Each structure stands twice: as C-alpha cells, then as structure tokens.
Amino acid sequence: MNKNTDLVLFGAKGDLSARKLFPALYHLHYCGLLDNELRIVALAREDLTTEAFLEEIKPKMASYVNSKRWTEKHWDSFAKRFLYLSMNFAEADSYASLADVLDEQRTSIFYLATPPQLFDNICEHLGNSGCLTKSSRIVLEKPIGHDLQSCIEVNQTVANYFQEENIYRIDHYLGKETVQNLLVLRFANRFINTQWDQSSIDHVQITVAETVGIEGRWSYYDKVGQLRDMVQNHLMQLLCLVAMEPPNSMTADGIRDEKVKILRALRTIDSSSVAEHAVRGQYSDGWYRGQAVPGYLGEEGCEHTRSDTETFVAIKAHVDNWRWAGVPFYLRTGKRMHEKITEIVITFKSLPHNIFSSGENIPNRLVIRLQPNEGIEMQMSSKLHSLKDKMALVKQNLNLDFLGTSGNDRIPDAYERLFLDAIKGDQSLFVGREEVEESWRWCDALIKAWNEQALEVKSYHAGSWGPTKADLLIERDGRSWHE
Ligand code: BG6
C-alpha cells in the first residue's frame, strides 16, 4: 500500500467514473486496501462544492456498489477522502488551483477518464503549471488514438511529460480475474504448459459477445466501430496472453516483451486475404429476451439512414511462429448478440485412432469463461456408466467455478485490481507503448484491406449470433463456433 497518494481524476462527472471508477475505489476502501492518507481529487467542469459533488454521486454509486457492502458508515469515511475542483481541462489558467492543492511530497496519479482529444492539452497544462514531479504517474483510458499515426502522436505527447515507467495505459480486460488466471493456468500447470502448441492444439476461439447495443453512444461509436472499439485492444490482449511464450518473470517488461513478439508475428490480413479472413456485420431489428429491439440505424442518437460501421467482427488470424504454425485463431465480437459471454476456447487435436467401439472420438476442449460465471471447464471423454454398452464414450466436464471455490461472495471488478496496481506502481497489467502501436499497425492493415475491397457489411438480427458469413468463415475449415 502506498502512503501519501493523490488520485487526481479528470472526468469525475462522467459515466465511467460513476459506473466503474468510484465504485471500484469504494470497494477497495471497504476492504481496507486503501491507505488512510490516500486522497481523491475529483475534477470536472461544473462549478460545485465538494459536498454538492458528493451528494450527486452518492445515489449513483449506491446503485453500482455491491449492496451487501454499501453502508452509511463506509460511505461517510470514503467521502472524507474527496476534494472536488471545477476546471476547464483545455485552459491553462484552470490548472493553478490544482497545483495549489497538490504537494510534491506526495505521489500524484493523474487518471484521464476523458475523451482522448483532451490528452494533449491536459499533459501540456499539467507540465507547464508545476503539477508534475518525477514520481507523478498518468493513467490513460482507451482509445489511444484511432489508428497507428494518431496513436504514435498521443504516445509522443504523453512521453514529453511522463517517463514510460510512469504511464499506465488501461485495458480493463487485463484487470479481470480470469484473465490473470489464464497466466496462472498456462504457466503454473505442467500438463497444460506441455500441450500448449501446434502439436496438440487444433485451433483457438476467442468470443466477446455483448447483448447491449450502442447505449446512447451512437455518434461516437459510428466513427469507431467494433474493430477499433474491441478488437484493437481487448481481443488483441486476450490473443497475446493465450499465444505468448512464458516470460522470464512476471514483471511488466517481461510480459510486455512477450506480448509484443506475438503482435509482430500476427499475419497481416491484406486485400488478397481479407475476404477469406474477416467478416463485418451490423445489427438490424431483432429480439432480446422477448422484447423487440431496434437495429443499429434505429438506435437513439442515430443521424443517418445508412452507415457502414461494423457492430460485429469475425476474424481468422494466424500467429506465424514456431509454436502456432498452422493453428488458426478465430476471433469474434459483436454488440446486440444472443448472449453476453466472453470466453476463450482451446480445442485440442483428436487422437489419431479411436479404439473404442461406440461413441465418437471427442477432442478435448478447454473453455476459459471470463464472464459471466467465471471459471474453467475441461471437456473430456469418459466412460458411460452402463452394463449394456461396455466401453461407450461420453463427453464430461471437469469444472472449476471460480466464485464457488473462492469462498468469496463476489469477484472483484477489473478496475479494483488496476487501481491497486497503479497505486503500487506495478505496470504488469497495463499496456506498453510498443504493444498498443503494434496492435494498431495490424488493425490499420485490416481496415485498409476492407476499404480497398469495399467489402459489404453483412446484416444480422439483434439477438442472433452474428451474420451467416461469420459461420461460414469457420465452417469452411470443418470447424464450428463453440456455443
Ligand atoms: C469497452 C468498450 O472498452 O468495453 C464498450 O468501449 C464495451 O463498447 C465494453 O461495451 C465491454 O466491457 P465488458 O467488461 O463489459 O466486457
């Protein structure tokens, strides 16, 4: 636990702060994981006193914090950590009042929960107003740019004011318990570790399906699309953690170096291969849990009668290295899909010959469920208990249910882990500069190929599993999506 920390939050009145950041800090406070000295300096434009700000966020937070942990006593002590300042982030003059409350004996962590267009201004004004010391850290929310060039520019601006070891780029997927467990699963279990390559694995699937639509973010999302919103960051990070070599140690540098090698080994999808390797979709009207829901073009805030922005992507990717030669990685992610599920499925190769008389030769499958019902399932062949069929095979699951086995009443939110690590100065679950740039390089090539080939965005009904073309992408190879 670091003493004397000031957590300075830009964008304190935004949606992310209310839904994720303050509830995460409250849970840490509740569990006694924040040092008593830690202060939260909340910054937003509106002219409010600290008391009025707290009055405003209290009911919102109460609705997002786990109800068993919400008590007036804890809220009162949590509220004492706060100081609210009204600021215009784009104006240099605004920063004088911030400089006044900061103390160079304390470590300041500047958390930018703001639109990325403000990153430049904020860094520059922080630098020029005397708010920074050698130990100041900065936490950046995604997106870091919208393509490689803009990403390099953002990284460069931030680097003018902060050393790389003080820059914390958030990908909240890395804070999820099961994502960290993936590393333990791979690198602390010999029987998994020794089977983790092309000689044993047939293919890998990564699915991040959401049931929500655009949720009032239409004008932002329409400029971005699912590839930039989800693949460039979350899916690429998951792919890296599945595919990377064991790092020498669990340090940030050790992990990042291995992830970067994977991003560099990802085969570029260009004009000649894009039609076979990637599918884009956009949801039309459909049903979700018995309720009619609008299509993308009928969502609140939509200003157009047509749009080519994708709300769904399926990709067949290849990691061109020794370990993964010939093993496809099928990725898919979409909004307004049938079910909310994030899972990684590793399908092992079938045994060369089935000596059992009845039942099929079922390949082993390792299913890593990130959400919901966090856990790991290993699909195995077992004997059917029967006198009639002497050696019939059935598929059975070894099931590791994280919540059930942890003895805890909840799985911590990703932001709790990430806050703790940023306070401790541990960057191992944050994204390095090279990683984010390599990931954009690969995505840029794919977007360019899509544009050159003018590939149609396929329609799928809200509440379905995406366009039929996405099924064909995998079925062509004699495989199917895990459902
Ligand atoms: C965000 C995306 O990064 O992740 C959102 O911008 C998406 O569009 C969200 O809904 C999904 O996060 P989670 O943790 O709910 O899977």
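An account of the accompanying structure is given in this report.

Conventions adopted
- Residue numbers restart at each chain and count upward from 1, following the sequence in its written direction.
- Reporting of local features is limited, given that this is a predicted model, to residues whose pLDDT is at least 70; pairs of side-chain atoms are given and counted only at 80 or more, and all residues count toward the totals for whole chains, interfaces and linings.
- For the side-chain quantities, the full set of heavy atoms in the structure was used; hydrogens and water were omitted.
- For helices the rule is a DSSP run of H or I covering at least 4 residues; for strands it is a run of E covering at least 2, with both sets numbered from the N terminus onward.
- The quantity called the radius of gyration is restricted to C-alpha atoms. Its globule counterpart is 2.2 Å times the number of residues to the power 0.38.
- Relative accessibility decides the category of a residue: with a 1.4 Å probe and only protein chains considered, values under 20% of the type maximum give buried, values over 50% give exposed, and everything between is partly exposed.
- Contact definition: two residues touch when any of their heavy atoms are within 4.5 Å.
- Here the Shrake-Rupley method, with its probe set to 1.4 Å, supplies the accessible areas, and only the displayed protein chains count as covering residues.
- When charges are counted, Lys and Arg contribute as positive and Asp and Glu as negative, whereas His and the chain ends are disregarded.
- Lysine's charge is taken at NZ, arginine's at CZ, aspartate's at CG and glutamate's at CD.
- Points on a 1 Å grid over protein atoms alone make up a cavity when a 1.4 Å probe fits among them but cannot get out, and a pocket when they form an open set with protein on both sides within 12 Å along at least five of seven lines; lining residues each have an atom within 4 Å of a point.
- Grid points are joined across faces, edges and corners, and a volume is the space filled by probe spheres set on the points.
- Each residue is assigned to one of three groups, with Ala, Val, Leu, Ile, Met, Phe, Trp, Tyr, Cys and Pro labelled nonpolar, Asp, Glu, Lys and Arg labelled charged, and all others, Gly among them, labelled polar.
- Only heavy atoms are used to decide nearness, and a residue is near a molecule or strand if one of them lies within 4 Å of it.
- Contacts described as polar in this section are N or O atom pairs within 3.5 Å, which, within protein, must combine one atom able to donate a hydrogen with one able to accept it, while residues neighboring in sequence count only if both atoms come from side chains.
- Note on patches: the residues involved have over 30% relative accessible area and no salt bridge, like charges join within 9 Å, and the nonpolar side chains Val, Leu, Ile, Met, Phe, Trp and Tyr join within 5 Å.
- Salt bridges are counted wherever a side-chain nitrogen of Lys or Arg sits within 4 Å of a carboxyl oxygen of Asp or Glu.
- Should DSSP find at least two bridges between two strands, the strands are regarded as paired.
- Here an angle of 0 to 180 degrees is reported between the N-to-C directions of two axes, which are lines fitted to C-alpha atoms, with helices fitted over the stretch in contact.
- Expected span, for any helix, means 1.5 Å times one less than how many residues it has.
- In this analysis, rings of Phe, Tyr and Trp, with Trp reduced to its six-membered ring, are considered paired at centre separations within 6.5 Å, and the interplanar angle assigns stacked below 30 degrees, edge-to-face beyond 60, and tilted for intermediate values.
- By definition, being over a ring means that NZ of Lys or CZ of Arg is both within 6 Å of the ring centre and within 35 degrees of the ring normal.

### Description of the overall build of the chain
(1) Moving on: Scanning the chain from N- to C-terminus turns up 16 helices and 17 strands.
(2) Moving on: Its C-alpha atoms give the chain a radius of gyration of 24 Å, near enough to 23 Å, the size a compact globule of 483 residues would have.
(3) Moving on: The dimensions of the chain, computed from C-alpha atoms along their principal axes, are 80 × 50 × 50 Å.
(4) Moving on: Buried positions account for 53% of the 483 residues belonging to the chain.
(5) Moving on: The long-range share in the chain, meaning contacts at least 24 apart out of those at least 6 apart in sequence, stands at 77%.
(6) Moving on: Total accessible area computed for the chain in this model is approximately 21,900 Å², and 49% of it derives from carbon and sulfur atoms.
(7) Moving on: The averaged location of the 67 negative side-chain charges in the chain is 6 Å from the averaged location of its 55 positive side-chain charges.

### Concerning empty space enclosed by the protein
(1) Moving on: The final tally for this structure, using the stated rule, is two cavities of 30 Å³ or more.
(2) Moving on: Forming the walls of the largest cavity are 15 residues, and the residues nearest its centre are Asp171, Gln232, Asn233, Val431 and Val436.
(3) Moving on: Secondary-structure elements contributing two or more residues to the lining of the largest cavity are α10 (225-243) and α15 (433-453).
(4) Moving on: Of the residues forming the lining of the largest cavity, the biggest block, four residues, is contributed by α10.
(5) Moving on: Considered as a void within the structure, the second largest cavity measures approximately 50 Å³ in volume.
(6) Moving on: Looking at the second largest cavity, the residues that line it are Leu174, Val179, Gln180, Leu183, Leu241, Ile255, Lys259, Ser428 and Leu429.
(7) Moving on: Mapped by element, the contributors of at least two residues to the lining of the second largest cavity are α7 (177-187) and α11 (252-265).
(8) Moving on: If you tally residues by element for the lining of the second largest cavity, the top one is α7, at three residues.
(9) Moving on: The class makeup of the residues in the lining of the second largest cavity is six nonpolar, two polar and one charged.

### Comments concerning the site of the ligand
(1) Moving on: Taken together, Lys142, His172, Tyr173, Lys176, Glu210, Arg217, Asp229, Met230, His234, Lys335, Lys340 and Gln371 are the residues near the ligand.
(2) Moving on: Contact distances for the ligand include 2.8 Å between an oxygen atom and a side-chain N or O atom of histidine 172.
(3) Moving on: Take glutamine 371: an N or O atom from its side chain is 2.7 Å from an oxygen atom of the ligand.
(4) Moving on: Taking 390 Å² as the accessible area of the ligand by itself, protein coverage stands at 78%.
(5) Moving on: A breakdown of the residues in the shell around the ligand according to their chemical character gives two nonpolar, three polar and seven charged.

### Looking at a nonpolar patch on the surface
(1) Moving on: Residues Ile355, Phe356 and Met391 make up a contiguous nonpolar surface patch of about 290 Å² in total accessible area.
(2) Moving on: Along the chain, methionine 391 falls in the loop between β15 (375-383) and β16 (393-401).
(3) Moving on: Given a relative accessible area of 38%, methionine 391 falls into the partly exposed group.

### Here we look at the sheet that holds strand β17 (residues 458-461)
(1) Moving on: Strand order in the open sheet formed by nine strands is β16-β15-β14-β13-β7-β12-β11-β8-β17, and the pairing between neighbours is mixed. At either end of the open sheet lies a strand with only one pairing partner, and these are β16 and β17. On average, each strand axis in the sheet is inclined to that of its neighbour by 20°, with strand direction left out of account.
(2) Moving on: Across six bridges, the pairing between strand β7 (residues 201-209) and strand β12 (residues 328-334) is parallel. Pairing of valine 208 across the sheet is with threonine 333, part of β12.
(3) Moving on: Against the sheet, α10 touches β7, β11 (312-318), β12, β13 (341-348) and β14 (365-371), its axis set at about 145° to β12.

### Details of the side chain of lysine 335
(1) Moving on: Assignment of secondary structure puts lysine 335 in the loop between β12 and β13.
(2) Moving on: Polar side-chain contacts of lysine 335 include one of 3.3 Å to the side chain of aspartate 229.
(3) Moving on: With near-sequence residues (within four places) excluded, lysine 335 lies in contact with Glu210, Val212, Gly213, Ile214, Arg217, Tyr221, Gln226, Asp229, Met230, Tyr283, Thr311 and Tyr460.

### Overview of α11
(1) Moving on: When the terminal C-alpha atoms of α11 are compared, their 20 Å separation across 14 residues agrees well with the 20 Å that a helix rising 1.5 Å per residue should span.
(2) Moving on: Of all 14 residues that make up α11, ten are buried, and the element is covered over most of its length.
(3) Moving on: Those residues of α11 lying buried are Ala252, Gly254, Ile255, Arg256, Glu258, Lys259, Val260, Ile262, Leu263 and Ala265.
(4) Moving on: Turning to α11, the residues buried within the fold contact β6 (167-169), α10, β11 and α15.

### Thoughts on the sheet that holds strand β4 (residues 107-112)
(1) Moving on: The parallel open sheet is built from six strands, whose spatial order is β3-β2-β1-β4-β5-β6. Every other strand in the sheet has two partners, leaving β3 (82-86) and β6 as the edge strands with one partner each. Each strand axis lies, on average, 20° off the axis of its neighbour in the sheet, ignoring direction.
(2) Moving on: Alignment of strand β5 (residues 137-140) against β6, held across three bridges, turns out to be parallel. By the bridge assignment, leucine 140 is partnered in β6 with arginine 169.
(3) Moving on: The sheet strands contacting helix α2 (residues 50-64) are β2 (39-44) and β3, and the helix crosses β3 at an angle near 105°.

### Here's the deal with the layout of surface pockets
(1) Moving on: In this structure, the second largest pocket occupies an estimated 330 Å³ of space.
(2) Moving on: Contributing elements (two or more residues each) for the lining of the second largest pocket: α7, α13 (402-406) and α14 (414-424).

### Focus: the packing of aromatic side chains
(1) Moving on: Inspection of every chain in the model, using the stated rule, returns 22 aromatic pairs.
(2) Moving on: Seen from their ring centres, tyrosine 283 and tyrosine 460 are 6.2 Å apart, and the 65° between their planes marks the pair as edge-to-face. With tyrosine 283 in strand β8 (residues 278-284) and tyrosine 460 in strand β17, this residue pair connects regions lying 177 residues apart in the sequence. Each member of the pair tyrosine 283 and tyrosine 460 is classed as buried.
(3) Moving on: A network of ring pairs unites the aromatic residues Phe22, Tyr26, Tyr30, Phe53, Trp70, Trp75, Phe78, Phe82 and Tyr84 as a single cluster.
(4) Moving on: Across the ring face of tyrosine 173, the terminal group of lysine 176 is positioned such that the distance to the ring centre comes to 4.6 Å.
(5) Moving on: Geometry around tryptophan 450 places arginine 280 over its ring, the cationic atom sitting 4.7 Å from the centre.

Just geometry here; none of it tells us what the structure is for.
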